[in-house]
Amino acid sequence: MSASRPWSIELTRTAIAALGEVEQPLRSQVAARLDDLASTGLPPGMKGHASGRGPIALPVGELRLLCMEDPEERRIYIVALSGSRISAGATLRKLAGHTMPRWITDWTGGDGMGWVLRDIRFALRSLRRSPGFTTTALLTLALGIGATAAIFSVANGVLLSPLPYGDADRVVTIWSSWNNFPDKTWVSEAEYRHYYQNNRSLEDLALYNRFSVNFTSVESPERVGASQITPNTLEVLGVQPVVGRSFTWAEASDSVSPILLGYAPWQRRFGGDPTVVGRNVEINGSMYPVVGVLPEGFALPVDYGLSGAAEVFFPRFVDRESVIPVPNGGGSHGDYVVARLRGGETAETALADLENTLEPLRADGTYAPERNFHPRLYPVKADIVGSARATIMVLLAAVGFVLLIACGNVANLLLSRSAVRKREVAVRTAMGASRSRILRQLMTESLVLAAGAGVLGLVFAYVGVDALLAIDPDAVPRSTSISLNGTVVLFTLAATVGTALLFGLVPAARVAHSGVGASLHDGSRAGQGGAGGQRLQGLLVASQMAMAVILLTGSGLMMKTFVSLLQVDTGISAENVLTMRVTAAAGRYPDAASVVGFYDQLLDQIEGIPGVQRASAARLLPLASTMGDAGFRPVDYQPGPNESTQADWQWAMPGYVEIMGIPLLEGRTLEDADRADGESVVLINQTLARKYWGDDSPIGAQVQAFGLTSTVVGVVGNIRHNGIRNEAKTRFYRPLSQATVATRSMTLVVASAIDPRSLVEPIRARVRAMDPSMPVSDVQTVDEVMSASVAQPRFGMMLLAAFASLALTLALVGIYGVIAYAVSQRTREIGIRMALGAETGQVIGMVVRQGMVMAMGGVALGTVIAWFMTGWMSGLLYGVTPQDPATFFSVPAVFATVALLACWIPATRASRVRPASALRYE
């Protein structure tokens, strides 16, 4: 490079602004001095000094020119002007945030925590100067943080918050399984006794059941959940009454037992009065003394999966010490067992121990091989959470992707903004700021931005949690534990700091480590981002697209699952049907005949209400309850090896099949003539008919059911009862009028010609007219029952769809922003190309290719990752495989289409650039 080559003089915007404040004569002196510098460079005594960290002050009249020299480029930068004629202090404050000449302390600061406040003030001023950037970044981050906080509140309430049990990690639940119930079902009292006497891994075991009772006071009749519990149940669960005491074993064997009240009815019915202990309460028409009140929030393990927890508790006596043989098949299964592990034992070792206790019973034929009977044992929290755990974990992963995509968008905004910030940083570096100090200031801005987004995100989360619970409170267990509490706020604080590091560190490091000379030079030409910055932005966009593809793929699979569930043939075709639960109290209806008489009369009364077409009743409502099975087989039928002869059973009244829309395939349905003094009859479903009779007609066949010989009078279609995902089982129906034992609780089904909800109060009035002490509960239409059966998949689908939509939007905004910024940076280049003859289509193609390379790289990567990740969702899917071809084809196609649109818009703008304007750019 020739030494005679003139020096290039460049003024920063700060210097130009300062020069505009001085008077014309002094401005002429400055111009003359700049001409001298262009010819000879800096005075010899100053050479070398000006290329160091700090600028030199070159006097010009009353002014000082703060200069930096780049000898290799033969370039001199006029960083700023100072002097009495200009407001140098204000100018430097804009640049450095204060007037200290050395300006900036290191990371540890020089005056206590004063530097923190200065950094925050400067960060706020910097963000306020860029309202568009600040608003966009705040909203983007707030959406990601708010969604994350909302889903974490669900995970915290359901999965992380402790159960209301003492030392809950040692509490386990015990179930049974056999061929008709392969997952889990009830335990019998005989099995409970056997486990208690023979296991070595469990410290203690308690037995309980679930049913409903009526508070039968005429003033406020109410139906509530109830349970009979062995007196040691509270001890096993590690719970103590808040008022009074628990049961004793002696009280459990008394003819008139005391009761425990739950916290809710104590507050609701007795105003929290502690003197309720010792008083008598009327339940089912009988009086029971209260001995204690259970703590707030207490629920039996099984109650977390039911719509209402037990609120009244009766003692149950079991002779646990006597050696009583286990009956064939284990006896009647209808109870639940909860136990406490001995110290050092695990759920796995305890389950193996229970299996060992059953070996002698299998050997002597108590459990026939065809039953395939096994115990099941689970840690209590795992049992309560069940399949909801997988749904919540998938949602946590999904919302994590949303947050990462939001961070990627803000990082891209910062990278785009960094081209402008480099010039500011170069000025501050020229005035003595260290790289660590600049990095600290930039990270402070990121933290301030994240903090604002965190506060706004908490507001979004507060609204979001209410919206989540409004979707369906019963979609996840323990929904009452879900709240925006201190744990969620701390998590949000951690997420805020984490996001600040994620989106702020790399852009800040790039700006802080940029060269002074290059930055000032670029700054004078509007700051090109550089190839490295563009590559980093492209990588961020591709990563965002990949995560959005994963989310949309999971959302698509959940949508197909939900559609498949809606298309399941439940066997029910009922419109405008209202259902409700009533119970005939034992004190007023002591036997089966009086119960049947009550229901006959009640149905007659209901059918007299205007708008009612027909009314009937059944023991249990499909898809809203769990039904057990009982022995059923044709007379003289000999089962084969490993063959089960169990079938679901249902008490029903005439009209039930017709009202529920269950198709009659052969014979007849139940009729009014099917009375206790007539022929014993049964209806069977299609699965049961084919099992025993194949293609032959079963009408008139004699069968054994409930130990009675009955005649098959009709065959009806199959219905799904114990969950919409479960296949229809063998089933038989018997008329309630032929029941030998009083079945007091029944579900009314009322077909209506008008809005079924309008019949609720007229029906309540008829019930009260017959029996003022009888409450009506569980009021819902059949449509609502069907909707509740798909509550959990609907919950997961709606949230995944919302997150996927948000992720797609953020990813597309990201790619649009990067391409639009790249176009703005290449305006001069595009103008030159068009001046040299480039066609509009060529310019559009060039810009679109740049964006689509990023987008399609992310789509391809996301599709590959999704192919493997969706296997984790297999337990949540129904009617669709985790690698569903249609989903894996349509999602990339959707992304390619919308990404093309996001690239096309800035490309068409670029094609409209006028060459003459572009060549004058900057």
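As shown above, the structure is provided for reference.
Once a new chain begins, its residue numbering starts again from 1 and follows that chain's sequence as written. With the structure being a predicted model, the display of local features is reserved for residues of pLDDT at least 70 and the display and counting of side-chain atom pairs for 80 or more, all residues being used for whole-chain, interface and lining totals. For side-chain calculations, the full set of non-hydrogen atoms in the structure is used, while hydrogens and water are omitted.

With respect to the side chain of Ser-446
- Note that Ser-446 resides in helix 13 (residues 435-471).
- Non-local contacts of Ser-446, meaning those with residues more than four positions away in its chain, are made with Leu-414, Ala-500, Phe-503 and Gly-504. The helix and strand labels rest on DSSP assignments: H or I over at least four residues marks a helix, E over at least two residues marks a strand, and numbering proceeds from the N terminus. For this analysis, residues touch if any pair of their heavy atoms sits within 4.5 Å.

Comments concerning the environment of Asn-685
- When you line up the elements, Asn-685 lands in strand 23 (residues 681-685).
- Take Asn-685: its relative accessible area is 1%, and that puts it in the buried class.
- Each C-alpha atom of the pair Asn-685 and Phe-732 lies 6.3 Å from the other, and the pair is 47 residues apart in sequence.
- Asn-685 has contacts with Val-715, Val-716, Gly-717, Asn-718, Lys-729, Thr-730 and Arg-731, leaving out every residue within four places of it along the chain.
- Side-chain polar atoms of Asn-685 contact the backbone nitrogen of Leu-688, separated by 2.9 Å. A 1.4 Å probe rolled over the protein chains alone gives each residue an accessible area, and that area as a share of the maximum for its type sets the label: buried under 20%, exposed over 50%, partly exposed in between. Residues adjacent in sequence count toward polar contacts only when both atoms are side-chain atoms; beyond that, a polar contact is any pair of N or O atoms within 3.5 Å, and within protein one must be able to donate a hydrogen and the other to accept it.

Overview of the packing of aromatic side chains
- Think of it this way: a Phe, Tyr or Trp ring, Trp meaning its six-membered ring, pairs with another when their centres are within 6.5 Å, and the plane angle makes it stacked under 30 degrees, edge-to-face over 60, tilted otherwise. Applying the stated rule across the entire model yields 19 aromatic pairs.
- On the basis of an interplanar angle of 75 degrees and a centroid distance of 5.5 Å, the ring pair of Trp-175 and Tyr-336 is categorised as edge-to-face. Highlighted residues: Trp-175 in strand 5 (residues 171-178) and Tyr-336 in strand 16 (residues 333-341), separated in sequence by 161 residues. Each member of the pair, Trp-175 together with Tyr-336, is buried.
- When the ring of Trp-649 is compared with that of Trp-651, the centres are 6.1 Å apart and the planes differ by 85 degrees; the resulting orientation is edge-to-face.

So, helix 2 (residues 24-40)
- One less than the number of residues in a helix, times 1.5 Å, gives the span that helix is expected to have. The first and last C-alpha atoms of helix 2 sit 24 Å apart over 17 residues, in line with the 24 Å expected at 1.5 Å per residue.
- By the burial criterion, the buried members of helix 2 are Leu-26, Val-30, Leu-34 and Leu-37. On an axial view of helix 2, the arc spanned by its buried residues comes to 90 degrees, and they lie on one face. Residues Pro-25, Asp-35, Ser-39 and Thr-40 are exposed on helix 2 and point more than 90 degrees away from its buried face.
- For helix 2, the secondary structure elements touched by its buried residues are strand 1 (8-11), helix 1 (13-19), strand 2 (56-60), strand 3 (63-70) and strand 4 (75-83).
- Following helix 2 by one or two positions, Gly-41 has its phi on the positive side, about 80 degrees. Directions are taken from the helix axis to each C-beta atom, and the arc is the one they span.

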